[in-house]
Amino acid sequence: MTPLLDWRDRLGLAVAAVASVVMVVTIATGAISGVERSDPRTAAPHGATVTTPASALATAEPGVEPPPTSLGPSAALAAALDPVWSDTPGGCISVVDGDRVLYEANDEATVVPASLTKLLTAAAALEGLGADARLRTEVRAAAPPVDGVVAGDLWLVGGGDPVLGTDVWASQMDSSPPPHTSLDVLADRVVAAGVRRVEGRVVGDESRYDAERYVDTWPDRLIADGEVGPLSALTVNDGFLIWGHPGVPFDDPPTDAAVVFAELLAARGVSFTAPADAGPAGAGAVEVAAVESPTVGELVQAMLRDSDNGTAELLVKELGLQRFGQGSTAAGVRAVGEILTRAGIPLAGVILADGSGLSDAARLTCTSVTTLLTMKSADLAGMLAVAGRDGTLARRFVGTPVAGRLRAKTGSLDGVAALGGYVDNRSGTTLAFAYVVNGLTHGSSASSLQDALAAALVSIAP
């Protein structure tokens, strides 16, 4: 790959070529059209489409950021982004200002999106579940405790809460941890309900969802690396016995969750007559105590900023349950598709394989992403990582004009790098964009390409 020139140098070199342009400029495009397409990871990009007149530009002085221009979707933007696209081995670009396309290349080709998939999951969850909804984890018994004794088993019933965990687990997170539903608080509430002895077991109930731990199209390497724990409606501590990368996942999530909860209860003086186990709560079991998750809106925000795979997958299963009565990935992605189609998001050629984007089978288009971002901007804009400040972008674009102006979802898989979200332009315009790179060779990075694209979007006024 030819090294990128600084975007200011590119801009200066483009001056002579664009100064006399006064009519619509169309540069040959390598975009693939139709549903049947070649593999975008091997497709060679060769340009983009520009749809507005252009005027002469002043060459930027070295080291000096040029002032905003009023060229619209012009040769200025094309001059900055054409080199980015020409150095992109495969993928797509789309940049829009509302319903106005400013720049596009291969924008309707289906590409491997990595974690940009979470944008679709987020929009569907907010619409299908509601931003204020909460997921409830309950403790049930066959009958209320009498004189501190539960006659029979005590069930820990999972409600699909992806951030349920112990306080010790939560304390191991970064200084600005994502939302956390405390299992310790739930144990306190069981004791506050008068439980001192259980004549039976603590039993983990994950029956809200299916028991498929992983999506069958996920690469084994991602599971081995601890990118996601085993999925369960009763997920505790992200599904890991030992945390970290790769960590040690639970062998049997509902049983292991019951073991963890029994240990918390025992530390509070509650005794049992049998070891923890797993199984559905008995018919007619009554609630002894409960704890609720953060709101769906808060879960979605943490999922997007930190690219939480487990949260994405459990939200998809909850969508499947709410819409089709099946807490499965298959039902969930079907629900996502229906919700987004009804909202007017173009999904032709799109393949929804999971909620997180870990699947190699997933496909999106840059057009589907920018349409989604434009239509759901009020919901998603404030939930994304901010360049140079937090989430997956905390260490990106630090000390550059992009810091604080770009809010985006990142994505990364072997051979794939993605970035999609919003840029607050120096002229005061907010642009939506999607840039997906496919076909990266092993060990290579698209960071310089992403840097050049972001700098152009911030500095060149549409």
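As shown above, the structure is provided for reference.
Reading the values: rules and limits
- Residues numbered from 1 in each chain as written.
- Predicted model: local features only at pLDDT ≥ 70, side-chain atom pairs only at ≥ 80, totals over all residues.
- Heavy atoms only, no water.
- Disulfide = S-S within 2.5 Å.
- Helix = DSSP H or I, 4+ residues; strand = E, 2+ residues; numbered from the N terminus.
- Buried < 20%, exposed > 50% of the residue type's maximum accessible area, 1.4 Å probe, protein only.
- Contact = heavy atoms within 4.5 Å.
- Pairing = 2+ DSSP bridges.
- Axes fitted to C-alpha atoms, helices over the stretch in contact; angles between N-to-C directions.
- Expected span 1.5 Å × (residues − 1).

(A) Fine view of the state of the cysteines. Applying the stated criterion to the full structure yields one disulfide. A disulfide bridge connects C92 with C366, and the sulfur atoms are separated by 2.1 Å. Disulfide C92-C366: torsion about the S-S bond near 80 degrees, hence right-handed. Highlighted residues: C92 in strand β1 (residues 91-97) and C366 in helix α11 (residues 366-375), separated in sequence by 274 residues. For the pair shown, C92 and C366 are each scored as buried.

(B) A look at the environment of V190. Tracing the backbone through its elements, the reader meets V190 in helix α5 (residues 183-192). Once the C-alpha coordinates of V190 and A289 are considered, the two residues, 99 residues apart in sequence, prove to be 5.5 Å apart. Once you skip the residues sitting within four places of it in the chain, V190 turns out to touch V139, L154, V195, F261, L265 and A289.

(C) View of the sheet that holds strand β13 (residues 277-278). If you walk across this open sheet you meet the five strands as β13-β9-β5-β3-β14, and the pairing is mixed. If you trace the sheet from one side to the other, it starts and ends with β13 and β14 (286-292), each paired once. Running at roughly 140 degrees to strand β9 (residues 202-205), helix α7 (residues 253-267) makes contact with β3 (136-141), β5 (154-157), β9 and β13 of the sheet.

(D) Quick peek at helix α3 (residues 117-128). Over its 12 residues, α3 runs 16 Å from end to end, which matches the ideal 16 Å to within 8%, given 1.5 Å per residue. Of all the positions in α3, only T117, K118, L119, L120, T121, A122, A123, A124, A125 and L126 are classed as buried. G130 occupies a position one or two residues after α3 and carries a positive phi of about 95 degrees.

What is shown is where atoms sit, not what they do.
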